[in-house]
Amino acid sequence: MAKQTRDADFTAFVAARAPWLRKVAYLLCGDWHRADDLVQESVTKLYVRWGRISKVDNLDGYVRTVLVNTFLAEQRSPWARWSARRRDAALPERAAVVPDPDVSVDLRAALSALPSRQRATVVLRYYCDLTVEQTAAAMGCSTGNVKSQSSRGLHALRRLLDHETVASAAGPSERITS
Amino acid sequence: MNDPYDGSSSLSAAEQRLAAELTALADSPAPGMGSDTAWAVRTGRSRLLRRRLAALGAVTAVSVGAATLGVVWPEGGAGSTVAAAASGSGSGSVGPRVGPDTGHDPLVVQATFGWLPAGFDDIEYDKGFSGQPEASQAKAIGPKQTNTTTDRNRQLLFLTVHAPGVEPPLDLGGGLRYRVDTTPINGRPAYWVGSAPGNPAGVGDDRTLRFKLADGRWAELHASYMSDADNVANVLVQAATEVRTEPRAVAMPFRIKSLPAGLTPASASLGYGPEAAGGYPWTASIGFTLNGKWISVTAHPDTTPAPPTNGRVTRENSLLASVDVPEACKSSKGVKLCVSAMDGEAPFASIGGFNGLLDRVTSRGTDENAWTTEVLH
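These figures come from a predicted structure and were not determined experimentally. (Residues numbered from 1 in each chain as written. Chains lettered and ligands numbered in written order. Predicted model: local features only at pLDDT ≥ 70, side-chain atom pairs only at ≥ 80, totals over all residues. Heavy atoms only, no water.)

Undergrad: Sorry, what's going on with the overall build of chain A here?
TA: Each helix and strand in chain A was counted, giving eight helices and zero strands. Starting at the N terminus and ending at the C terminus, chain A contains elements arranged as α-α-α-α-α-α-α-α. Each of the 178 residues in chain A was classed as buried or not, and the buried ones make up 61%. Pairs at least 24 residues apart make up 63% of the contacts formed inside chain A by residues separated by at least 6 positions. Carbon and sulfur atoms make up 53% of the accessible area of chain A, which amounts to about 6900 Å² in all. (Helix = DSSP H or I, 4+ residues; strand = E, 2+ residues; numbered from the N terminus. Buried < 20%, exposed > 50% of the residue type's maximum accessible area, 1.4 Å probe, protein only. Contact = heavy atoms within 4.5 Å. Areas by Shrake-Rupley, 256 points an atom, 1.4 Å probe, with all protein chains shown as cover.)

Have a look at this one:
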């Protein structure tokens, strides 16, 4: 009975949060299919720890941290690099699943050009709306590291996007510049 | 003036715009969701079972291991990160066996570790990564990072050698760093890549030490997830002092005879130790291209990999494993050998498909003394 309750709670949580997790994963990796892989892996890890963490105050934050660290760990794994190379070679058409050529593809391409930790920092800070301290906790690094990664990430995005003409009421010159 | 990256300050207009664009990107149309909660439950249960079984086995292992370590631990104690741990091969390097470049080994690295701190037991050699066919790297994986509340990451040391005549840049992409000169290494110039003038520390828990080699090339040691609590500065200096800088071919656990025409080696790697090899004692691979298509030969012991630690993703526990990668495999002398390609077998019909290549692969067994640097013929 306890296992059934556990599984029911877990399934309900994942059903509610998977779409949101998938979006975060997509921003991290730039590929919906791989985002599904990351979400699947993260919720599997969540299940393993569910007995201990299901009652924590910030379960969303916990699973988001698992997701980010899964993403970063895969960047360091030789198997992930091996697989990514082949996926890149085999499935270039996947960019087509994002149909908005004005904004989404440009930003997606720029994000994908960032080193993985910079990308994770940008996503956590500006999509997940985390503070520097929260981002540092999620990534297991110092606040100084987060500030630096944010700064470098924003500068790199600005550089990558500066030459673009982006449909925008505010105009392209205001993109990520301050 | 507000620090724009300070969590206490509100977002600037530009940052708000970035946030909005990220939201728009995340909300863009997507294919149907591919994750499977029921699968997660089944796999999660399986991992729980494996973990419990592993814990039972560890009780015995720890008892025996502690007694052994009490005898052989280097001076400096079990917690020291600067205790000498060099236990390498006859070549003087730490880690898997290496030898002279034979011209027949696709995994030749420009430098190897001659010394590593205690606990850095896993080594990974890579060649041809990040889209750079000639780039090579040695990576050492150590204990869990300290000085953090999360302890998810392993301490890492990366060793690279820059090409002759290349002055490595201080702009590492997105941010200017600063040359902070330090005591010469083996009598030659050395400097830290600092985060500020006069500050040798890198960003966060990263440190980079560059040092000139006898032949004029620059070498670089980079530490990740290491802090002053890990004595990172002294570790890097000592490791740099004892780096072996002659090109070394890494012995591989298989040979490939009569390599088909057109098949070009494009990458190679050897992971040594469970943290570097996805839970196996070791894993090796060579990637080839044929008319622009990738095909890979991989090898690892034909055993069940150890459970992952600290969330490290392995081939077996990664969802990447659920990707249907076409492959053909065989087992020989305790080694599982596979040929695989994401594009499937069809592009490789001219070499006899997967089995055409697999038939040319000969296992050298699990005894590292039988491994070879005469890999391709």
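Undergrad: Which parts of the structure should I look at to understand the pattern of salt bridges?
TA: Any two side chains of opposite charge can pair, given that their charged atoms come close. Within this structure, the stated rule accounts for 10 salt bridges over all chains. The shortest N-O distance in the salt bridge between Asp27 of chain B and Lys23 of chain A comes to 2.6 Å. Within this pair, whereas Asp27 of chain B is found in the loop between α1 (13–26) and α2 (37–72), its partner Lys23 of chain A is found in helix α1 (residues 2–29), the two belonging to separate chains. (Salt bridge = Lys/Arg side-chain N within 4 Å of Asp/Glu carboxyl O.)

Undergrad: For this particular structure, what's the right way to read the state of the cysteines?
TA: What we call a disulfide is simply a covalent bond connecting the sulfur atoms of a pair of cysteines. All names here are of chain B. Evaluated as defined, the whole model comprises one disulfide over all chains. In this model Cys329 forms its disulfide with Cys338; the gap between the sulfur atoms is 2.1 Å. A torsion of 110 degrees about the S-S bond marks the disulfide between Cys329 and Cys338 as right-handed. For Cys338, a relative accessible area of 5% corresponds to the buried category. (Disulfide = S-S within 2.5 Å.)

Undergrad: What am I meant to see in the sheet that holds strand β10 (residues 248–250) of chain B here?
TA: Pairing between the strands of a sheet comes from backbone hydrogen bonds, and it takes one of two forms, parallel or antiparallel. Reading across from one edge, β1-β10-β2 (chain B) is the order of the three strands in this open sheet, with antiparallel pairing throughout. With one partner strand each, in any of the chains shown, β1 (98–99) and β2 (108–109) of chain B form the two edges of the open sheet. (Pairing = 2+ DSSP bridges.)

Undergrad: Please explain the pairing of strand β3 (residues 122–127) of chain B as it appears in this structure.
TA: Working note: regular strand, side chains alternate between the two faces of the sheet. Residues and elements named next belong to chain B. Along β3, six of the six residues are buried, which leaves the element largely enclosed by surrounding structure. What you see with β3 is no split at all: Asp122, Glu124 and Asp126 on one side and Ile123, Tyr125 and Lys127 on the other are buried throughout. Alignment of β3 against strand β4 (residues 136–144), held across six bridges, turns out to be antiparallel. Each bridged residue has a counterpart across the sheet, and for Tyr125 the counterpart in β4 is Ala138. When β3 meets strand β12 (residues 264–272), the two strands line up antiparallel, connected through five bridges. Paired with Asp126 across the two strands is Ser269, which belongs to β12.

Undergrad: Looking at this model, I keep getting lost on unusual backbone geometry. Mind explaining?
TA: Trans is the common state for peptide bonds, and a negative phi is the common state for residues other than glycine. Unusually for a residue other than glycine, Asp129 of chain A sits at a positive phi of about 60 degrees. Tracing the chain through its elements places Asp129 of chain A in the loop between α6 (116–127) and α7 (132–139). Residues other than glycine seldom take positive phi values, yet Lys333 of chain B does so here, at roughly 55 degrees. Checked against the element boundaries, Lys333 of chain B lands in the loop between β15 (327–332) and β16 (335–340).

Undergrad: Is there a simple way to think about helix α2 (residues 32–53) of chain A in this case?
TA: Residues separated by three or four positions in an α-helix point in the same direction, a consequence of the helix having 3.6 residues per turn. All names here are of chain A. For α2, which comprises 22 residues, the first-to-last C-alpha distance of 28 Å sits more than 12% below the rise-based estimate of 32 Å (1.5 Å per residue). The largest bend along α2 reaches roughly 45 degrees and is located at Tyr47. The buried fraction of α2 amounts to 19 of the 22 residues, a majority that puts the element mostly inside the structure. (Expected span 1.5 Å × (residues − 1). Bend = angle between axes of the 7 residues up to and from the residue.)

Undergrad: So what exactly am I meant to see when it comes to the nonpolar core here?
TA: Across soluble globular proteins, nonpolar side chains have a tendency to be buried as a group. By size, the foremost hydrophobic cluster in this structure holds 62 residues, and its most contacted members are Phe113, Leu157, Phe211, Leu221, Phe254 and Ile295 of chain B. Those residues in contact with Phe211 of chain B, other than ones at most four positions away along the chain, are Ile185, Pro189, Ala190, Arg217, Trp218, Ala219, Glu220, Leu221, Ala240 and Val243 of chain B. Within the second largest apolar cluster, 59 residues are counted, among which are Leu46, Val48, Tyr127 and Leu130 of chain A. (Core = buried A, V, L, I, M, F, W, Y, C linked by side-chain atoms within 4.5 Å.)

Undergrad: How should I be thinking about helix α3 (residues 232–241) of chain B in this particular structure?
TA: All names here are of chain B. Among the residues making up α3, those that are buried are Val232, Val235, Leu236, Ala239 and Ala240. Taken down its axis, α3 places every buried residue within 125 degrees of arc, on the same side. Against β5 (154–161), β7 (190–194), β8 (207–212) and β9 (218–224) lie the buried residues of α3. (Arc of directions from axis to C-beta.)

Undergrad: Looking at this structure, I do not really get the pairing of β16 of chain B. What am I missing?
TA: Residue and element names in this part refer to chain B. When you tally the buried positions in β16, you get five out of six residues, the bulk of the element. For β15 and β16, the ladder comprises six bridges, and the chain directions are antiparallel. Each bridged residue has a counterpart across the sheet, and for Ala328 the counterpart in β16 is Val339. Between β15 and β16, which pair antiparallel in sequence order, lie two residues; one of them, Lys333, sits at a positive phi of approximately 55 degrees.

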